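Listed below are the residues making up each chain.
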Amino acid sequence: MKKLLLILAAGLLLLGWTLWQHSAKPRTTGLRPAPAFSLTDLSGRTVSLSDYRGKVVILDFWATWCDPCKQEIPHFIEMQNKYASQGLQVLGVSMDDDEPPVRQFQQQFKMNYPVAIGNPKLADQYGGILGLPITFVIDRNGRITVRHVGATDPSVIETEIQKLLAQPPS
Amino acid sequence: MRLPSCSRPLVILVLLFGLGQVPLACAADNASMKTISPDELVRLLTAKTGKPLLFQVGSHMLYVQAHIPGSEYLGAGSTPQGIQNLRGRVGTLPKNTSIVLYCGCCPWSHCPNVNPAYDALQQLGFTNVKVLFLANNFGADWVDKGYSVAKGD
């Protein structure tokens, strides 16, 4: 009886896990221009999306209190290291209400890409950031190619950026 | 090591699916909280009587973008300030006041805010508290479903 219950419990957990994975599937948006923005990052530098035209951009909306975000960030750090020379730029926009925890997190995780604090206006421009994480992949021509809602398998994003990095800007 | 009760199912998950997949942090836990679905809440809000008080206990950035009309922002339930605000807000209310808490910052199983807020109200003796069940987030499970929304502070 105990064995049967254990098998049932494992089955339910597996079902839950599968549903969770499916809920994080990307929402393909078509190729619409990424809304322009200009923010000041935590080191005081201006971060304008237009400065990265010609690069492939991963635009990650995250927060320090968001566990799935924390799982993704080490992978973005790795991608920034691995693909920067090919034209990748990761940009982090924190949706935290206060700056100090973001600064602390940035240092703790040794984030190697610009991190700025977002705002509701920017969130609206990107269709509403009403749940985290939300990650946009932007091609070399400044167009959004995909919007990932929820934790996303890093290999999915890596495959997407590899394809985009292989394409020259038009 | 004694883990908080909300972490125990996560330990099982980690054992089943591998380390590093699931964080060992307290998150929204159906088993210990009374929940209400978006549909049920809408029915309550449109009824002539018995409307609950609605408290958003998540991110202010999210609240400003979109919130349930009539709901009040009290601060993140995962922070001491948020819990202090909540305690202050309910301080003079009768213990049987109908209260619905919600957040929707991230997937239900990862929400750090609703459990502490719910626990605080339980400790204060409130007997009619529910948490709005938002499986994925406020955007997917409320806004995208077409339920009414207000913006701003």
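You'll find the structure just up there.
These numbers come from a predicted model, not from an experiment. Note on numbering: residues in each chain are counted from 1, in written sequence order. Going through the entries in the order they are written, you letter the chains from A and number the ligands from 1. Side-chain atom pairs in this predicted model are given and counted only at pLDDT of 80 or more, local residue features only at pLDDT of at least 70, and totals for whole chains, interfaces and linings cover all residues. Values reported for side chains reflect all heavy atoms of the structure, with hydrogen atoms and water molecules removed beforehand.

Draft legend 1. Structural view of the overall build of chain A. In this description a helix means any DSSP run of H or I spanning at least four residues, a strand means any run of E spanning at least two, and both kinds are numbered starting from the N terminus. Secondary structure summary: chain A contains five helices and eight strands in total. In sequence order, the secondary structure elements of chain A are arranged as α-β-β-β-β-α-β-α-β-α-β-β-α. Across the 170 residues in chain A, those meeting the buried criterion constitute 51%. What makes two residues a contact is simply this: any of their non-hydrogen atoms within 4.5 Å. Pairs at least 24 residues apart make up 71% of the contacts formed inside chain A by residues separated by at least 6 positions. Working definition of accessibility: Shrake-Rupley area with a 1.4 Å probe, residue cover restricted to the visible protein chains. Carbon and sulfur atoms form 58% of the exposed surface of chain A, whose accessible area is close to 8400 Å². The buried label goes to any residue with under 20% of its type's maximum accessible area, the exposed label to any with over 50%, and the partly exposed label to all in between, with areas taken from a 1.4 Å probe on protein chains only.

Draft legend 2. Molecular detail of the overall build of chain B. Scanning chain B for helices and strands turns up six helices and five strands. When its helices and strands are written in sequence order, chain B yields α-β-α-β-α-β-α-β-α-β-α. Counting the 153 residues in chain B, one finds 46% classified as buried. If you take every contact in chain B between residues at least 6 apart in sequence, the share linking residues at least 24 apart comes to 65%. Entry remark: accessible area of chain B is about 7300 Å², with carbon and sulfur atoms responsible for 56%.

Draft legend 3. Structural detail: the state of the cysteines. All names here are of chain B. Only a pair of cysteine sulfur atoms within 2.5 Å counts as a disulfide in this structure description. Using the criterion set out here, one finds one disulfide over all chains in the structure. With no disulfide of its own, Cys 111 lies closest to Cys 103 among cysteine sulfurs, the gap being 3.7 Å. Owing to a relative accessible area of 3%, Cys 111 belongs among the buried residues under this scheme.

Draft legend 4. Quick look at the packing of helix α2 (residues 67–83) of chain A against helix α5 (residues 154–165) of chain A. All names here are of chain A. Contact geometry of α2 with α5 gives a least axis separation of 11 Å together with a crossing angle of 25°. One element, α2, and the other, α5, form an angle in the roughly parallel class. Where α2 crosses over α5, the handedness of that crossing is right-handed. Across from His 75, Phe 76, Met 79, Lys 82 and Tyr 83 in α2, the residues of α5 making contact are Pro 154, Ile 157, Glu 158, Ile 161, Gln 162 and Leu 165. Axis definition: a line fit to C-alpha positions, over the contact stretch in the case of helices; interaxial angles, taken between N-to-C directions, run 0 to 180 degrees. Convention used here: angles under 35 degrees read as roughly parallel, angles over 145 as roughly antiparallel, angles from 65 to 115 as roughly perpendicular, and any remaining angle as oblique. With the far helix as reference, a near helix turned anticlockwise by less than a right angle produces a left-handed crossing, and one turned clockwise produces a right-handed crossing.

Draft legend 5. Summary view of the packing of aromatic side chains. Residue and element names in this part refer to chain A. Only rings of Phe, Tyr and Trp enter the pairing, Trp through its six-membered ring, and a pair is recorded when the two centres are within 6.5 Å. The plane angle decides the type: under 30 degrees is stacked, over 60 is edge-to-face, the rest tilted. Here the structure, examined in full by the defined rule, presents eleven aromatic pairs over all chains. The interplanar angle of 15° and the centroid separation of 4.0 Å between the aromatic rings of Phe 105 and Phe 109 together place this pair among those described as stacked. Seen in terms of ring centroids, Tyr 126 and Phe 136 are 5.0 Å apart; in terms of plane orientation they differ by 65°. Their pairing is edge-to-face. Of this pair, Tyr 126 sits in the loop between α4 (120–125) and β7 (134–138) while Phe 136 sits in strand β7; the two residues are ten residues apart in sequence, bridging distant segments of the chain. Phe 136 matches Tyr 126 in its accessibility class, with the two residues each being buried. An aromatic cluster of three or more residues is present, and its members are Phe 37, Phe 61, Tyr 126 and Phe 136.

Draft legend 6. Representation of the packing of helix α4 (residues 80–90) of chain B against helix α5 (residues 114–123) of chain B. Residue and element names in this part refer to chain B. Where α4 meets α5, the axes come as close as 10 Å, and the angle between the chain directions of the two elements is 40°. As judged from the angle between their axes, α4 and α5 are oblique. Crossing hand, α4 versus α5: right-handed. Together, Ile 83, Leu 86, Arg 87 and Val 90 of α4 and Pro 116, Ala 117, Ala 120, Leu 121 and Gln 123 of α5 make up the contact between the two elements.

Draft legend 7. Region of interest: the sheet that holds strand β4 (residues 99–102) of chain B. Across the sheet, five strands lie side by side as β1-β5-β4-β2-β3 (chain B); this open sheet has parallel pairing. Taken across any chain shown, the strands that pair with only one partner, and hence form the sheet edges, are β1 (35–36) and β3 (72–73) of chain B. Strands were regarded as paired on the criterion that DSSP finds at least two bridges between them.

Draft legend 8. Structural view of helix α3 (residues 100–108) of chain A. All names here are of chain A. Within α3, burial applies to Val 102, Phe 105 and Gln 106. Buried residues of α3, viewed axially, fall in a sector of 100°; they line one side. Facing away from the buried surface of α3 by more than 90 degrees, the exposed residues are Pro 100, Gln 104, Gln 107 and Gln 108. Each element contacted by the buried residues of α3 is listed here: β4 (56–62), α2, β5 (88–94) and β6 (115–117). Picture the helix axis, draw a direction to every C-beta atom, and the arc is the one those directions span.

Draft legend 9. Expanded view of α5(A). Residues and elements named next belong to chain A. By definition here, a helix of n residues has an expected span of 1.5 Å times n minus one. The terminal C-alpha atoms of α5, which comprises twelve residues, lie 16 Å apart, in line with the 16 Å expected from a rise of 1.5 Å per residue. Those residues of α5 not exposed but buried are Ile 157, Glu 158, Glu 160, Ile 161, Leu 164 and Leu 165. Buried residues of α5 fall within an arc of 160° about the axis and therefore sit on the same side. Residues of α5 that are buried in the fold lie against β4, α2, β5, β7 and β8 (143–149).

Draft legend 10. Representation of the side chain of A:Gln80 in the model. Within the secondary structure layout, A:Gln80 lies in helix α2. Discounting chain neighbours no more than four positions away, the residues touching A:Gln80 are A:Leu88, A:Gln89, A:Val90, A:Asn112 and A:Tyr113.

Draft legend 11. The sheet that holds β8(A), seen in detail. Residues and elements named next belong to chain A. Strand order across the open sheet formed by six strands is β1-β8-β7-β4-β5-β6, with mixed pairing between neighbours. The open sheet has two free edges, formed respectively by β1 (32–33) and β6, since each of these has just one partner strand. Pairing between β5 and β6: three bridges, direction parallel. Paired with Gly 92 across the bridge in β6 is Val 115. Where α3 meets the sheet, it contacts β4, β5 and β6, and its direction lies at approximately 170° from that of β6.

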